[in-house]
Amino acid sequence: MNDDENASGKRPNAKYALSYDNDTPSADEGLTFHYNRGRRLSNAPVEVQNLYKEQKQSRFGIFGALVADKPRRFLLIVIVLLCLAVLALSRFGYFDTIHEFDGNKIDVSATKYEGTTIIILRKSIRNANAYTGAVDIAVSVPAEPADGDYPVFSHRIFFTMENEEVYRFAAPFDEIQLLMVLQNENSSLQMKFNPD
């Protein structure tokens, strides 16, 4: 190759077609690309193919997280059933400490103190026909008939027309559970309670 040929501007291999006319190969020429993801994954194991599957990205949602798999769905169902059971039991009064006594609502709580039990009775009027007057109270230890006699502590209080009243008195018992009976001329109420 001499300097005269290069000076004319011709290539030394000008007879060979080194590129395509439109710079893109046609599909029928059968060129092989060395990296084709689809062909590479078709020969891969199933576990690898599952890793490369397109999955829709889900947005974060509290309900979606609660029911994402079987154990979480089961846990959600158990929690909902327990909540419904507690709601039903409280609706039917199994957790209530409030009792109805001749038109008054009665709530009883107690605290142990040095061998005695201090009982706090809260009364509120439920309706316009609520009882007012003397109420006799008897407190004892709940016992089976074969256990023998237990002492009974009695006390008298007076309900008035005030909307809410609180009565406090001490009973000479230091037991886990006590039985209280409220009685007036018209009705009576029996309840068990556990001092704190």
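This one's a predicted model, so the numbers in the text were calculated from it and none came from an experiment.

Asker: Explain the overall build of the chain here, please?
Answerer: Helix and strand counts for the chain come out as five helices and eight strands. Start at the N end of the chain and walk to the C end: the helices and strands fall as α-α-α-α-α-β-β-β-β-β-β-β-β. In the chain, of all internal contacts separated by at least 6 residues, the share reaching a separation of at least 24 is 52%. Summed over its atoms, the accessible surface of the chain is roughly 15,700 Å², and 54% of this surface lies on carbon and sulfur atoms.

Asker: Help me understand the pattern of salt bridges in this model?
Answerer: For side chains bearing opposite charge, pairing can occur when the charged atoms are close. One pass over the structure, following the stated rule, counts five salt bridges. A salt bridge links Glu165 to Lys123, with the shortest nitrogen-to-oxygen separation between them at 3.1 Å. Of this pair, Glu165 sits in strand β6 (residues 164–171) while Lys123 sits in strand β3 (residues 116–125); the two residues are 42 residues apart in sequence, bridging distant segments of the chain. Assessed through its relative accessible area of 11%, Glu165 is described here as buried.

Asker: Quick question: what am I supposed to make of the sheet that holds β3 here?
Answerer: Within a sheet, adjacent strands bond to each other through the backbone by hydrogen bonds, running parallel or antiparallel. Ordered in space as β1-β2-β3-β6, the four strands form an open sheet in which the pairing is antiparallel. Of all the strands in the sheet, just β1 (98–101) and β6 have a single pairing partner and so form its edges. Taking each pair of neighbouring strands and ignoring which way they run, the sheet shows an average axis angle of 30°. Alignment of strand β2 (residues 104–113) against β3, held across 10 bridges, turns out to be antiparallel. Bridging from a neighbouring strand, Thr111 pairs with Ile118 of β3.

Asker: It is not clear to me how the side chain of Thr117 should be interpreted in this structure. Could you clarify?
Answerer: Relative to the elements of secondary structure, Thr117 occurs in strand β3. A distance of 2.5 Å separates a polar side-chain atom of Thr117 from the backbone oxygen of Phe173. Ignoring anything within four residues of it in the chain, the contact list for Thr117 reads Ala110, Thr111, Lys112, Phe169, Ala170, Ala171, Phe173, Asp174, Leu178 and Pro195.

Asker: Just to check I follow, could you spell out unusual backbone geometry for this structure?
Answerer: Positive phi values are uncommon outside glycine, yet Asp102 reaches one of about 55°. Position of Asp102 relative to the elements: it lies in the loop between β1 and β2. In this model, Glu114 sits at a positive phi of 50°, which is unusual for a non-glycine residue.

Asker: Please clarify how the packing of aromatic side chains should be interpreted in this entry.
Answerer: Describing an aromatic ring pair means giving the distance of the ring centres and the angle of the ring planes. If you walk through the whole model with that rule in mind, you get three aromatic pairs. Residues Phe159 and Tyr167 carry aromatic rings whose centres are separated by 5.8 Å and whose planes lie at 35° to one another, so their mutual orientation is tilted. For Phe159, a relative accessible area of 3% corresponds to the buried category. Following the ring pairs from residue to residue traces out a cluster consisting of Phe101, Phe159 and Tyr167. The aromatic ring of Phe159 is capped on one face by Lys123, whose charged end is 5.5 Å from the ring centroid.

Asker: Explain a nonpolar patch on the surface to me, please; I cannot follow it from the model alone.
Answerer: A contiguous nonpolar patch, built from Ile77, Val80, Leu81, Leu84 and Leu87 and spanning about 490 Å² of accessible area, is present on the exposed surface. What makes Leu81 exposed here is its relative accessible area of 54%.

Asker: What should I look at first to understand the nonpolar core in this one?
Answerer: As a rule of thumb, soluble globular proteins bury nonpolar side chains together. Counting 24 residues, the largest nonpolar core has Ile119, Leu121, Ile137, Val139, Phe159, Met180 and Leu182 as its most contacted members. If you list the elements that add at least two residues to this core, you get β2, β3, β4 (133–140), β5 (153–159), β6, β7 (178–183) and β8 (188–193). With residues near it in sequence (within four places) discarded, Leu182 still touches Phe101, Ile106, Leu121, Val135, Asp136, Ile137, Ser187, Ser188, Leu189 and Met191.

Rules used in this analysis
- All residue numbers refer to position in the chain's written sequence, counted from 1.
- The predicted nature of this model means local features are confined to residues of pLDDT at least 70 and side-chain atom pairs, given and counted, to a pLDDT of 80 or more, with totals for whole chains, interfaces and linings taken over all residues.
- Values shown for side chains rest on all heavy atoms present in the structure; no hydrogens or waters enter the calculation.
- Starting at the N terminus, helices and strands are each numbered in turn, a helix being any DSSP run of H or I of at least four residues and a strand any DSSP run of E of at least two.
- Between two residues, a contact is recorded if the distance between any of their heavy atoms is within 4.5 Å.
- What sets the accessible areas is the Shrake-Rupley method with a 1.4 Å probe; for residues, cover comes only from the shown protein chains.
- Any carboxyl oxygen of Asp or Glu within 4 Å of a side-chain nitrogen of Lys or Arg constitutes a salt bridge here.
- Throughout this description, buried means an accessible area under 20% of the type-specific maximum (1.4 Å probe, protein chains only), exposed means over 50%, and partly exposed covers the range between.
- Pairing between strands is defined by DSSP: at least two bridges between them are needed.
- For helices, the axis comes from a line fit to the C-alpha atoms of the stretch in contact; other axes are also lines fit to C-alpha atoms, and the angle between any two N-to-C directions lies between 0 and 180 degrees.
- Whenever a nitrogen or oxygen atom comes within 3.5 Å of another N or O atom, the pair is scored as a polar contact, on the condition that within protein one atom can donate a hydrogen and the other can accept it, and that pairs from neighbouring residues in sequence are kept only if both atoms are in side chains.
- The pairing test for Phe, Tyr and Trp rings, Trp by its six-membered ring, is centres within 6.5 Å, and the orientation test on the planes gives stacked under 30 degrees, edge-to-face over 60, and tilted for anything in between.
- Sitting over a ring, as applied to charges here, requires NZ of Lys or CZ of Arg to be within 6 Å of the ring centre and within 35 degrees of the ring normal.
- Patches here are clusters of residues that have more than 30% relative accessible area and form no salt bridge, with a 9 Å joining cutoff for like charges and a 5 Å cutoff for nonpolar side chains (Val, Leu, Ile, Met, Phe, Trp, Tyr).
- In this text, buried Ala, Val, Leu, Ile, Met, Phe, Trp, Tyr and Cys residues form a nonpolar core when linked through side-chain atoms within 4.5 Å.

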